[in-house]
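Working through the structure, step by step
Spelled out from the first residue to the last, the chains are:
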Amino acid sequence: RIPIVLKKVRLAFFPEGGQLVAGLPTRVYFEARNMMNKPADVEGHILDDHDMVVSKFRSFHEGRGRFDLLPATGPAGTA
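Below you will find a few notes about this structure. (Residues numbered from 1 in each chain as written. Predicted model: local features only at pLDDT ≥ 70, side-chain atom pairs only at ≥ 80, totals over all residues. Heavy atoms only, no water.)

**Regarding the nonpolar core**
Heads up, the rule is: In these notes, a set of buried Ala, Val, Leu, Ile, Met, Phe, Trp, Tyr and Cys residues joined through side-chain atoms within 4.5 Å is what counts as a nonpolar core. Buried, partly exposed and exposed residues are distinguished by accessible area as a fraction of the type maximum, computed with a 1.4 Å probe on protein chains only: under 20%, between the cut-offs, and over 50%, respectively. Secondary structure is summarised from DSSP: a helix means a run of H or I of at least four residues, a strand means a run of E of at least two, and numbering begins at the N terminus for each.
Counting residues in each nonpolar core, the largest one holds 8 residues, listed as Val28, Phe30, Ala32, Ala40, Val42, Phe57, Phe67 and Leu69. Listed by contribution, the elements that provide at least two residues to this core are strand E2 (26-34) and strand E5 (64-69). Here the element with the most residues in this core is E2; it accounts for 3 residues.

**What about a nonpolar patch on the surface?**
Here is the rule: The patches reported here contain residues having more than 30% relative accessible area and no salt bridge. Joining distances are 9 Å for like charges and 5 Å for nonpolar side chains (Val, Leu, Ile, Met, Phe, Trp, Tyr). Only the protein chains shown count as cover for residues, and the accessible areas themselves come from Shrake-Rupley with a 1.4 Å probe. The term salt bridge refers to a side-chain nitrogen of Lys or Arg lying within 4 Å of a carboxyl oxygen of Asp or Glu.
A surface patch of nonpolar side chains, about 230 Å² in accessible area, is lined by Val9, Leu11 and Phe13. By secondary structure assignment, the location of Phe13 is in strand E1 (residues 9-15). Owing to a relative accessible area of 39%, Phe13 belongs among the partly exposed residues under this scheme.

**Things to note about the sheet that holds E2**
We count it as follows: Should DSSP find at least two bridges between two strands, the strands are regarded as paired. Lines fitted to the C-alpha atoms define the axes, with helices restricted to the stretch that makes contact. Angles between their N-to-C directions range from 0 to 180 degrees.
If you walk across this open sheet you meet the 3 strands as E1-E2-E5, and the pairing is antiparallel. Two strands close off the open sheet at either side, each with one partner strand: E1 and E5. Each neighbouring strand pair of the sheet contributes to a mean axis angle of 25 degrees, computed without reference to strand direction. Direction of pairing for E2 relative to E5: antiparallel, over a ladder of 6 bridges. Its bridge partner lying in E5, Glu31 is registered against Arg64.

**Re the packing of aromatic side chains**
As a reminder of what qualifies: Side-chain rings of Phe, Tyr and Trp, where Trp is taken by its six-membered ring, are said to pair if the distance between their centres is within 6.5 Å; with planes under 30 degrees apart they count as stacked, over 60 as edge-to-face, and otherwise as tilted.
Under the definition given, this model contains 5 aromatic pairs. Centroid distance Phe13 to Phe67: 6.2 Å. Interplanar angle 80 degrees. Geometry classified as edge-to-face. Here Phe67 lies in strand E5 and Phe13 lies in strand E1, a separation of 54 residues in the sequence. On the basis of relative accessible area, Phe67 is assigned to the buried category, the value being 6%. Among the aromatic residues, those joined into a ring-pair cluster are Phe13, Phe30, Phe57 and Phe67.

**A short note on the pairing of strand E3 (residues 43-47)**
Across 5 bridges, the pairing between E3 and strand E4 (residues 53-58) is antiparallel. By the bridge assignment for E4, Glu43 is matched with Arg58. Adjacent in sequence and paired antiparallel, E3 and E4 are bridged by 5 residues, among which Asp51 carries a positive phi angle near 60 degrees.

Pasting the structure below:
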């Protein structure tokens, strides 16, 4: 296989249980697809409102993966 780098990737996030609940640890599943709707290998991190890393992620099978997240409590921007 020859890797092809595309600048745009579509990410879809799916919280376990259907919703993120502030203060409740949650597993979030994701799927990454390129613009040709093919699985895309990705890795990155999730930042909070203060640009602090709260979780890291990496796809492990056909553009899919999961990561753990603890959604912040309080109004947006006060975490």
